[in-house]
Amino acid sequence: MAAERILDNYMAMSNHRKTPERYAILRAVYSIDGHFTLDELGEKLAEEYKFPVSRATLYNTLNLFLELRLVIRHRFQGTTKYESCYAGTGHCHQICTVCGKVTEVKVPEITETIDQIHLKRFRKDGFSLYIYGICSTCQSAITRKTKKTKE
């Protein structure tokens, strides 16, 4: 796994210990498809990996992974979520401002445009785009509620 090699190299260069917790957390992070909270990651480690770790260990390890660009942190509607990001590609999120549901969307035109942008004295590593609106489920509920009040 390339992410493990990055972690190995960093640990060796910075004289940090190669702890089993760090590697278990890294494997759990990369086994999750999509976004996750600190609590969800802790539950996954405890349930599936039989490897419970403290909240402080999770937080500190995720901060290390952020520095190494193995994980990215998002703030969605007041909630902190993380996701693996080794591939370095950017992506778009649509966020419902009513229910808070977050969905990743593929928009090749945006990805191509950002890939073609040449920034002066700056190397791009990736991007995140947030599109706010109302999902179809919430829009249907609003429409039904509006019709009932008119009747």
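Here the structure is shown first, and the text comes after it.
Below or above, wherever it landed, is the structure these notes cover. (Residues numbered from 1 in each chain as written. Predicted model: local features only at pLDDT ≥ 70, side-chain atom pairs only at ≥ 80, totals over all residues. Heavy atoms only, no water.)

1. Some words on the pattern of salt bridges
The cut-off we apply is this: Take a side-chain nitrogen of Lys or Arg and a carboxyl oxygen of Asp or Glu: if they are within 4 Å of each other, that pair is a salt bridge. Helix and strand assignments follow DSSP, with helices taken as H or I runs no shorter than four residues and strands as E runs no shorter than two, numbered in order from the N terminus. Relative accessibility thresholds used throughout: buried, under 20% of the residue-type maximum; exposed, over 50%; partly exposed, between the two (1.4 Å probe, protein chains only).
Enumeration over the complete set of coordinates arrives at four salt bridges. The salt bridge partner of E4 is R27, with a shortest N-O separation of 3.4 Å. A residue pair is termed long-range when its members are at least 10 positions apart, and E4 in helix α1 (residues 2-14) and R27 in helix α2 (residues 20-31) qualify at 23 residues. Residue classification places R27 among the partly exposed positions, given a relative accessible area of 36%. A salt bridge links E48 to K44, with the nearest nitrogen and oxygen atoms 2.9 Å apart. On the basis of relative accessibility, which here comes to 57%, the residue E48 falls in the exposed class. By relative accessible area, K44 is classed as buried at 14%.

2. Regarding the packing of aromatic side chains
To be explicit about the condition: Here a pair means two rings of Phe, Tyr or Trp (six-membered ring of Trp) with centres within 6.5 Å. Their orientation is stacked below 30 degrees between planes, edge-to-face above 60, and tilted elsewhere.
Under the definition given, this model contains two aromatic pairs. Centre to centre, the rings of F76 and Y130 are 5.6 Å apart; their planes meet at 80°, and the pair counts as edge-to-face. One end of the pair, F76, is in strand β1 (residues 71-76); the other, Y130, is in strand β5 (residues 128-133), with 54 residues separating them in the sequence.

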